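Now for the letters of each chain:
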Amino acid sequence: MPKTIIYYFSATGNSKHVANVLASNIEDCRLCPIPHTAQEESIYIDADMVGLVIPTHYFGVPPLVAAFIRKLKFAPSVNYVFAIITSGSSQYLNSSLKQLKKLFFVQGQELHAGYHVQMISSYIPLSDIPAPEKLQQTLAAADKKIERMIHSILIRKYHYDSEGMYTPLQGINRYWQKHLLPSTYTKFSCRESCTGCATCAKVCPVKNITMAGQRPQWRKDCQECLACLHLCPSESIEFGKRTAARQRYRHPQVTVKELLIDRLP
Ligand SMILES: Cc1cc2nc3c(=O)[nH]c(=O)nc-3n(C[C@H](O)[C@H](O)[C@H](O)COP(=O)(O)O)c2cc1C
């Protein structure tokens, strides 16, 4: 195993960008996309340093990431574990690090450091993608924060970014997972402009989309990551009623090809 392994999940490239920058600044570092581990029942990590880079979904940890952590077993060589949460804005309205701390604790592993980095929100049912100038400013500020995080990680600093005291958010995340997520797949629709290229099926991290008569069909395992919607080349996919008038997003330094490679082999 390499000295450092970074596991990540990314639908629209924000977390992938952070993981890429980390890997190019940390010696002997391997990147591992979480969807690649889906078939494994147990994952033994025999590295010195372990990183996790993930988006926040509904103020907390995406369920596929929680399921991944529950499979982990750590060798005694592991001496530093860090997590980075990418988000639209809600560092101070968030419970991701609190949740991760508990998830790692249950696996017998301390989470030594946790960071938030504000990027662009992929949750367009709620708000539109900002204008190009604002988008660039936000991503430039994120790159500055990534530089500072790398410095702290390289000196193995023990540090937690604050998430505020707003614990009811953990309840909202649980409610979403239990009561809303199971029927999320019913909210997708596909316009006439669909070319049947199947990019949506290929980018789905849980292989939840099948093509029927050149049209996507969403099954019940949807994680609501919105990769299908944002990465559709003809912008033919909608989610609910509000996305029709809204722009799509992908981190400008991450290609669709890279995100495709991240999915299940
Ligand atoms: C279902 C869903 C829920 C989200 N919830 C939040 C949230 O609670 N707070 C926030 O700031 N951003 C939220 N976002 C935005 C993402 O966390 C953010 O865009 C993230 O950087 C996406 O990372 P990725 O490009 O690696 O997938 C949400 C996005 C999705 C798809």
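In this text, all values refer to a predicted model and were calculated from it rather than measured experimentally.

### A look at the pairing of strand 11 (residues 215-218)
Alright, step 1. Burial along strand 11 is one-sided: the residues Pro216 and Trp218 are buried and none of Arg215 and Gln217 is.
Alright, step 2. Bridge count for strand 10 (residues 209-212) against strand 11 is four bridges, and the pairing is antiparallel. Bridge pairing links alanine 212 to arginine 215 in strand 11.
Alright, step 3. The antiparallel pairing of strand 10 with strand 11 creates a hairpin that spans two residues between the two strands, and glycine 213 there sits at a positive phi of about 55°.

### Overview of helix 4 (residues 132-154)
Alright, step 1. Given a rise of 1.5 Å per residue, 23 residues ought to cover 33 Å, and the 33 Å separating the end C-alpha atoms of helix 4 matches this to within 8%.
Alright, step 2. Contacts from the buried residues of helix 4 go to helix 1 (14-25), strand 4 (49-55), strand 6 (80-87) and strand 7 (113-118).

### Overview of the domain arrangement of the protein
Alright, step 1. On domain assignment, one finds that the protein holds domain 1 (4-169) and domain 2 (184-261).
Alright, step 2. Spacing between the C-alpha centres of domain 1 and domain 2 amounts to 23 Å.
Alright, step 3. Opposite the 29 residues of domain 1 that make contact, domain 2 presents 26 residues.
Alright, step 4. Here domain 1 meets domain 2 over a buried area of about 2200 Å², counting both sides, of which 61% is carbon and sulfur.
Alright, step 5. Taken together, the links from domain 1 to domain 2 amount to zero salt bridges.
Alright, step 6. Viewed at the interface, domain 2 and domain 1 are joined by 11 residue pairs in polar contact (both at pLDDT 80 or more).
Alright, step 7. At the level of secondary structure, the elements contributing two or more residues to the side of domain 1 that touches domain 2 comprise helix 1, helix 2 (63-69) and helix 4.
Alright, step 8. At four residues, helix 1 tops the list of elements feeding residues into the side of domain 1 that touches domain 2.
Alright, step 9. For the side of domain 1 that touches domain 2, the residue count by class is 16 nonpolar, 10 polar and three charged.

### Quick notes on the sheet that holds strand 1 (residues 4-8)
Alright, step 1. Read from one edge to the other, the open sheet built from six strands follows the order 2-1-4-6-7-8, with strand pairing classed as parallel. For this open sheet the edge positions go to strand 2 (29-33) and strand 8 (159-160), each flanked by a neighbour on one side alone.
Alright, step 2. Relative to strand 6, strand 4 runs parallel, the two being bridged by seven bridges. Paired with valine 53 across the bridge in strand 6 is isoleucine 84.
Alright, step 3. Lying on the sheet, helix 3 (residues 96-106) is in contact with strand 4, strand 6, strand 7 and strand 8; it crosses strand 6 at an angle near 150°.
Alright, step 4. Each of strand 4, strand 6 and strand 7 touches helix 4; the most contacted strand, strand 7, lies at about 165° to it.

### Topic: the site of the ligand
Alright, step 1. Close to the ligand lie 22 residues; Ser10, Thr12, Ser15, Thr56 and Ser90 are nearest.
Alright, step 2. For the ligand, an oxygen atom lies 2.8 Å from a polar atom in the backbone of serine 89.
Alright, step 3. Taking isoleucine 120, its main chain carries an N or O atom lying 2.7 Å from an oxygen atom of the ligand.
Alright, step 4. When the ligand is considered free in solution it has 650 Å² of accessible area, and contact with the protein chains removes 96% of it.

### Remarks on the environment of phenylalanine 9
Alright, step 1. You can see phenylalanine 9 is positioned in the loop between strand 1 and helix 1.
Alright, step 2. Taking the relative accessible area as the measure of exposure, phenylalanine 9 reaches 1% and is therefore buried.
Alright, step 3. Placed 253 residues apart in sequence, phenylalanine 9 and aspartate 262 show a C-alpha to C-alpha distance of 8.2 Å.
Alright, step 4. Once you skip the residues sitting within four places of it in the chain, phenylalanine 9 turns out to touch Ser15, Ile34, Pro35, Val53, Ile54, Pro55, His57, Leu64, Val65, Pro205 and Cys225.

### Points about the environment of glutamine 118
Alright, step 1. In this fold, glutamine 118 is placed in strand 7.
Alright, step 2. Considering only alpha carbons, one finds glutamine 118 and glycine 240, 122 residues apart in sequence, at a separation of 25 Å.
Alright, step 3. Excluding residues that lie within four positions of it along the chain, glutamine 118 makes contacts with Ser87, Gly88, Ser89, Thr138 and Ala142.
Alright, step 4. In this structure the side chain of glutamine 118 is engaged in a polar contact, spanning 3.5 Å, whose partner is the backbone oxygen of glycine 88.

### Some points on the pattern of salt bridges
Alright, step 1. Under the counting rule described, the total for this entry stands at five salt bridges.
Alright, step 2. Here lysine 98 and glutamate 163 are joined by a salt bridge, their closest N and O atoms 3.5 Å apart. Taken together, the residues span a long stretch of sequence, with lysine 98 in helix 3 and glutamate 163 in the loop between strand 8 and helix 5 (168-180) at a distance of 65 residues.

Rules used throughout
Residues numbered from 1 in each chain as written. Predicted model: local features only at pLDDT ≥ 70, side-chain atom pairs only at ≥ 80, totals over all residues. Heavy atoms only, no water. Buried < 20%, exposed > 50% of the residue type's maximum accessible area, 1.4 Å probe, protein only. Helix = DSSP H or I, 4+ residues; strand = E, 2+ residues; numbered from the N terminus. Pairing = 2+ DSSP bridges. Expected span 1.5 Å × (residues − 1). Contact = heavy atoms within 4.5 Å. Domains from an automatic or database assignment. Buried area = accessible area lost by both parts, 1.4 Å probe. Salt bridge = Lys/Arg side-chain N within 4 Å of Asp/Glu carboxyl O. Polar contact = N/O pair within 3.5 Å; in protein donor to acceptor, adjacent residues only side chain to side chain. Nonpolar A, V, L, I, M, F, W, Y, C, P; charged D, E, K, R; others polar. Axes fitted to C-alpha atoms, helices over the stretch in contact; angles between N-to-C directions. Near = heavy atom within 4 Å. Areas by Shrake-Rupley, 256 points an atom, 1.4 Å probe, with all protein chains shown as cover.

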